[in-house]
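# Summary of the model geometry
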Amino acid sequence: MSMNATTEGRCPVHQYPFDAVEGLDLDPEYARLRSEYPIARIRMPYGEDGWLATRYDDVRLVLSDSRFSRAAVVGADVPRSLPEVNEMPDTIINTDPPEHSRLRRLVSAAFTYRRIERLRPRVQEIADELVGDLLAAEKPADLIATVGMPLPVQVICELLGVPLAGRPLFRDATDAALSDASGTPEARAAAMQTLQTYIASLVAERRDQGADAPDDLISGLISARDADGDRLSEDELVMLVVTVLIGGHETTMNMTGNMVSTLLADRSRWAALAADPAGTVPRAVEEMLRFIPIAKHATQVRVATEDVEIGDVTIAAGDAVMVGIAAANRDPGAFDHPDELDLAEPGISHIAFGYGPHACLGSALARLELQVILTTLLTRVPTLDLAGPVEWRATSRVRGPLRLPVTW
Ligand code: HEM
């Protein structure tokens, strides 16, 4: 039993999240739980006790079995690291079928692999421009400010039809909305409200433009809403755009920094990819998606709608279950050498994008962006190197460099 576990009845209760770890390390406690208590009883700073799944098969089960509900999380006192209870019923991530399928259908066509592949030339153009600016800048430069943040922001803005001029507003609001316990519930709620008000104003502008409105995702969603009011409520419309705007840049931005810093931390990795970017980058991206934990701790929580047995544990109806995606991606039962980063032999069945009905809507877009950014840097800046220690985000629930000083 770990130092921070207490025993209640016969089932030890583990304090979660575990102690903060540096940079991108995964707390070794996950591996211990995975072998000793794969469905572990956990206690978080707020909410009732719940369960944490850390095995690959169990995590996939929880993510895909309809007996585990996301909608039931709304308003419930589930285990969590922040004081506030989730009160956002109109968000795609907080719904179950059939509401979830209805919302998802409205946006999924824009994010299929084929539709996203058509964006490749435009994403390449943006990458070329940003990397050109980087090369023209003074050394050392911050890779996040110059490439990691602006690329996914510009791509998702163009796709949705959000003006780039809104970037300072929604970047600040996104950071505040995703703050960890160092931020206040009031500040997070105010930041979400800022995002909703901003998107609602863009929607109103589009409606005024009528037939002259540009052909982008916001216009498409407005038509779906206005053609048949039952398909999408106004709140759902706004929240869908906010979710795609946040999801569409925050994770890719952080993963860009995480991947570049991981490669540069051992320059032989960078050099190996630079020798043949086209032949190596797609596999390297998959392996880094598997290996790098992007969340500070598990956040995806579901509530059992009936008793479910997993192994020798019965998860009772009403119990909350969290999934350790990063732990599942290092499960020796699913991957050979799970704790080694092997860029040539990726663990392609990783679940970095989740699994089941809520699996990441933007996975094709994220893959495309990460492949294009890395290939462009490896090709045009093969001498790229770290110019100082990485400054990690200290106040976010998402892991990534706040600043990544590089030279070339
Ligand atoms: C490396 C980048 C990314 C990672 C690691 C990532 C990860 C994830 C994960 C793990 C989930 C599932 C959550 C759950 O089931 O509880 C998810 C859902 C989602 N992601 Fe991503 N994501 C990334 C990029 C993106 C991008 C570029 C978009 C832009 C469209 C996006 C939009 C979404 C949305 C809308 C959902 C909710 C889907 C639903 O509830 O049906 N993500 N993402």
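In this report, we go over the structure that sits alongside the text.

### What about the site of the ligand?
His100, Arg104, Gln300, His358 and Cys360 are the nearest of the 25 residues found near the ligand. His100 places a side-chain nitrogen or oxygen 2.6 Å from an oxygen atom of the ligand. Within the side chain of His358, a nitrogen or oxygen atom sits 2.6 Å from an oxygen atom of the ligand. Only helix H3 (99-108) and helix H11 (234-265) provide two or more residues apiece to the shell around the ligand. It is H11 that contributes the most residues to the shell around the ligand, seven residues altogether. Classifying every residue of the shell around the ligand by side-chain character gives 13 nonpolar, ten polar and two charged.

### Observations concerning helix H7 (residues 150-160)
Because an α-helix packs 3.6 residues into every turn, residues spaced three or four apart end up facing the same way. For H7, the buried fraction is high: ten of the eleven residues fall into the buried class. Of all the residues in H7, the buried ones are Pro150, Leu151, Pro152, Val153, Gln154, Val155, Ile156, Cys157, Leu159 and Leu160. One or two residues past the end of H7 sits Gly161, with phi positive at roughly 95°.

### Structural notes on the nonpolar core
Phe111 and Ile199 are the most contacted members of the largest nonpolar core, which totals 88 residues. Among residues more than four places away in sequence, those in contact with Phe111 are Ile116, Ile156, Leu159, Leu217, Val244, Leu361, Gly362, Ala364 and Leu365. Counting 19 residues, the second-largest nonpolar core is a separate cluster that includes Ile39, Leu63, Val308 and Val321.

Parameters and conventions
- Residues numbered from 1 in each chain as written.
- Predicted model: local features only at pLDDT ≥ 70, side-chain atom pairs only at ≥ 80, totals over all residues.
- Heavy atoms only, no water.
- Near = heavy atom within 4 Å.
- Polar contact = N/O pair within 3.5 Å; in protein donor to acceptor, adjacent residues only side chain to side chain.
- Helix = DSSP H or I, 4+ residues; strand = E, 2+ residues; numbered from the N terminus.
- Nonpolar A, V, L, I, M, F, W, Y, C, P; charged D, E, K, R; others polar.
- Buried < 20%, exposed > 50% of the residue type's maximum accessible area, 1.4 Å probe, protein only.
- Core = buried A, V, L, I, M, F, W, Y, C linked by side-chain atoms within 4.5 Å.
- Contact = heavy atoms within 4.5 Å.

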